[in-house]
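What follows is each chain in one-letter form.
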Amino acid sequence: MKLALRELRRQPGRFVTATVILTLIASLLMLLGGLLDGLLSGATSAVLAQKGELVVYSSTAEDSFQRSRITTDTSATIAAVDGVSDVGGIGVVQLGARVPGNDDRDLLDVVLFGYELPPEGVAAAPPTGQAYADATLEAQGVEKGMTLLLGQARTPVEVIGFVDGLQYSGQGTLWADATTWRGALNANRPGAGVGDGVFQSLVVELDPGTDPAAAASAIDAATDDSTSTLTVVDAANAIGGVEQQRSTFNQIIGVTVIIAIVVVGLFFALLTVERTAMYGVLKAVGARSRTLFGGVVLQAVIVTLIASFIGGSLALALDLAVPPGSIPFTLTPARLITSVVLLLLAAVIGCAFSLRRVLRIDPATAIGSGT
Amino acid sequence: MFLALKEIRRAKIRFALLMGSIGLLVFLILFQQTLQNGLITSFVGAIRNQSAPVLVYSVDGRVNLQGSVITPDLASQIAAVDGVAASGQLGQGTFSAQAGGSTETVGILGYDTEGLGSPDSMVGGRLPTADGEAVALASAAGDGFDIGDTVTIEPGGYEITVVGLAEQIGFQATTTMFTTYPTFEQATTSANPDATSAPPAVITLRPESGVSAAELVSRVNDAVPEADAYTRADAAAETPGVAQVQQSFNIIFLLYGLVIPLVTGLFFLIITLQKAGSLTLLRAIGVPGSRLVRSLIAQVVVVLAVGIAIGIALYTPLSRQQLGGIPLSFQTGAVVFWSVLLMVLGVFSSLFAARRVLAIDPIEATTGAGVGR
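Bear in mind the structure is a predicted one, so any value in this text is a computation, not a measurement. Starting afresh in each chain, residues are numbered from 1 along the sequence in its written order. Going through the entries in the order they are written, you letter the chains from A and number the ligands from 1. Residue-level local features of this predicted model are given only where pLDDT is at least 70; pairs of side-chain atoms are given and counted only at 80 or more, and the full residue set underlies all totals for whole chains, interfaces and linings.

## A closer look at the overall build of chain B
Thinking step 1. Secondary structure elements are taken from DSSP: a helix is a run of H or I of four residues or more, a strand is a run of E of two residues or more, and numbering for both begins at the N terminus. A tally of regular secondary structure across chain B gives eleven helices and twelve strands.
Thinking step 2. Counting the 373 residues in chain B, one finds 49% classified as buried.
Thinking step 3. It is the C-beta atoms, placed from the backbone, that decide contacts: two residues are in contact if theirs lie within 7 Å. Here the analysis covers contacts within chain B between residues at least 6 apart in sequence; of these, 80% occur between residues at least 24 apart. Any residue surrounded by 20 or more other C-beta atoms within 10 Å of its C-beta is treated as buried, while 12 or fewer makes it exposed and the intermediate range makes it partly exposed; C-beta atoms here are placed from the backbone.

Printed below as a string of structure tokens:
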């Protein structure tokens, strides 16, 4: 082990190439992970912030807010189900917003939520015609007190404050009362309008200790299966494109890990070939194959840790440099740790390709060829 | 050259490992290129493969069929622009539907004028001629969208019969159907009785003879402040999400494009260092440096060619599959582009090893030093 560390110290140039490539791979891994987390957060954070445990859609809606309709009767039925402590309607409409001072064609993409039960970080529903705005909209020029004109119908909504981390489908959100939302929806989307009292979905809060899965089944049974009830996490995953994004990025991340295994395997296999004579001598003087292979693994782990550190620093720098509302990039400690663990795993697996060569070294032959 | 090939034969595992690695990387690049194209086609194929050369959204629509609403007044203003030969309307809605025994998400596009919003990539059957008929995405034929199948809109139970199939007409990664405008209206009111109307999402235009599509786009945008006109290709490219998908993939391609030459270059550099003694000896007995470099480059070309061939061989069968509902297709252009680019970059990366070879001083054969020093 000491020999492996000494070689790293005395001949760092030998490991620079592997470190550079692994740094690229580490950066790629963290970049991909950060992009995935950013995209998912941008698509789902408004739903995940709901304080309730369950989200109820109509059964024919395929768990889509836009296609779901919940009437007041259904809402009353659900409120009476055992274990349900509170029920609140929620609705969504995606519109272009005209910002005062901006060009007529320079619109902002916004998602107007109408709500009854406030999500995390949002106060109770404001008076009709007013809304809280997600902070990403502030980064795009929206200010407190501004009146945004939504959609073709120019529905006015005054921004009375900002909330953090509530995006939907990659867009900033506005949080208003049901009347404001219903008015904007019916005026701007006549084909998707809703009647008085109708919401697209319901957020359901449960009594403490109630099993969400059992409550979801009870709700659907109480409505004769005219509803489809999901946990908040499942509702977030049901947003269009979320699962596709996750599976695509996870496949790419998996492939990148395979590349890391190949790269580490290739480099340490070659280094082992280069050091055959030296290993022969070491074996001749009593070094065990286990010790020699342990040295190779140690070197790979150190090189990987250095590469991960540099890659992580680059990813962190990118995370700090990216302004809110631009590239959907979010770097979390969990993502950094997962990426480093994956790379270390790849390094150890890659090194295993050298094990056979180390075991095969014959001290006598090696000494002969070496001399 | 003989020596170069002989060395590859003698060190099969070493070179096979590199060829396999390059093959895997090439496969990944080609696969992701195909996935990107398939993904984008499934998002905006319906726009690319409809027949109208110009699409006009409302400014509020943000180049999104799902967000754009055209009022009758706006439609009249657009149709009156100088240079418009004909105009039509195209509506879009996303519905839940029963098809093939299961509930599917279906995108429906309704057009009122053939040649202005109708699909132009038909592969079977015919265009709808009556209400309740539609052309469906060909790749979804096996899922209850084949000619003769009935698709039932939920809720409401409105039935649409598939009478034709067209390829690459996906929209927002859903199974998509093109139908008549009245059918689209009936599907909308069937699914949502609260709907007060089903206005068009875009106005489709055909320019007069002598007026290009791009010119008509400018005229519409200049004349109607509430209109947002695009050529067909621009409308597809500007659809929200398309540019982001392309940017994300481009970053990944760039990184993969860096990894392959790096792996190749470093591999041959290490091999050169390992052969230091032999190369010095060859130089000492009179072999010119240029010949050794040619030998090195020959090895690089062989390794890259075999690696690229492995990658293409792995990619070919996969490119004919569907991935998560996204139909893939063999991208000849991508294969040629990446093969040439990676070959050039790979050969270029071997110049570091070539530099080492040329730096060999034959006299060092007598002192034991070589390229490694």
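There is more to say after this.
## Some points on the domain arrangement of chain A
All names here are of chain A.
Thinking step 1. What counts as a domain boundary in this text is fixed by an automatic or database domain assignment. Splitting chain A by domain gives domain 1 (2-44 + 242-370) and domain 2 (54-209).
Thinking step 2. Between domain 1 and domain 2, the C-alpha centre-to-centre distance is 46 Å.
Thinking step 3. Residues that form the side of domain 1 that touches domain 2 fall into these classes: four nonpolar, three polar and no charged. Gly is placed with the polar residues, together with every amino acid not listed as nonpolar (Ala, Val, Leu, Ile, Met, Phe, Trp, Tyr, Cys and Pro) or charged (Asp, Glu, Lys and Arg).

## Quick notes on helix 3 (residues 72-79) of chain B
All names here are of chain B.
Thinking step 1. Along helix 3, the positions that sit buried rather than exposed are Leu74, Ala75 and Ile78. End-on, the buried residues of helix 3 take up no more than an arc of 100 degrees, which puts them together on one face. Across from the buried face of helix 3, at angles greater than 90 degrees, the exposed residues are Pro72, Asp73 and Ser76.
Thinking step 2. Packing partners of the buried residues in helix 3 comprise strand 1 (54-58), strand 2 (84-99), strand 9 (202-207), helix 5 (213-223) and strand 10 (227-231). Note that the arc is defined by the directions from the helix axis to the C-beta atoms.

## With respect to the interface of chain B and chain A
Thinking step 1. Contacts between chain B and chain A engage 43 residues on the former and 39 residues on the latter.
Thinking step 2. Among the secondary structure elements, those contributing two or more residues to the side of chain B that touches chain A are helix 2 (12-48), strand 2, strand 3 (102-111) and helix 7 (242-274) of chain B.
Thinking step 3. Top contributing element to the side of chain B that touches chain A by residue count: helix 7 of chain B, with twelve residues.
Thinking step 4. Classifying every residue of the side of chain B that touches chain A gives 23 nonpolar, 16 polar and four charged.

## Details of the environment of Gly307(B)
All names here are of chain B.
Thinking step 1. Considering the arrangement of structural elements, one finds Gly307 in helix 9 (residues 289-318).
Thinking step 2. Since 27 C-beta atoms lie within 10 Å of it, Gly307 is described here as buried.
Thinking step 3. Non-local contacts of Gly307, meaning those with residues more than four positions away in its chain, are made with Met19, Ile22, Gly23 and Val26.

## Quick notes on the nonpolar core
Thinking step 1. Each nonpolar core comprises buried Ala, Val, Leu, Ile, Met, Phe, Trp, Tyr and Cys residues, the members being joined through C-beta atoms within 7 Å. Membership of the largest hydrophobic core comes to 155 residues, with the highest contact counts inside it found for Ile25(A), Val263(A), Val264(A) and Val56(B).
Thinking step 2. Considering each element in turn, this core owes the most residues, 18 residues, to helix 2 of chain B.
Thinking step 3. Sequence-distant contacts of Ile25(A), defined by excluding residues within four places in its chain, comprise Thr256(A), Ile259(A), Ala260(A) and Val263(A).
Thinking step 4. Among the nonpolar cores identified, the runner-up in size contains 63 residues, and Val56(A), Val84(A), Val87(A) and Val163(A) belong to it.

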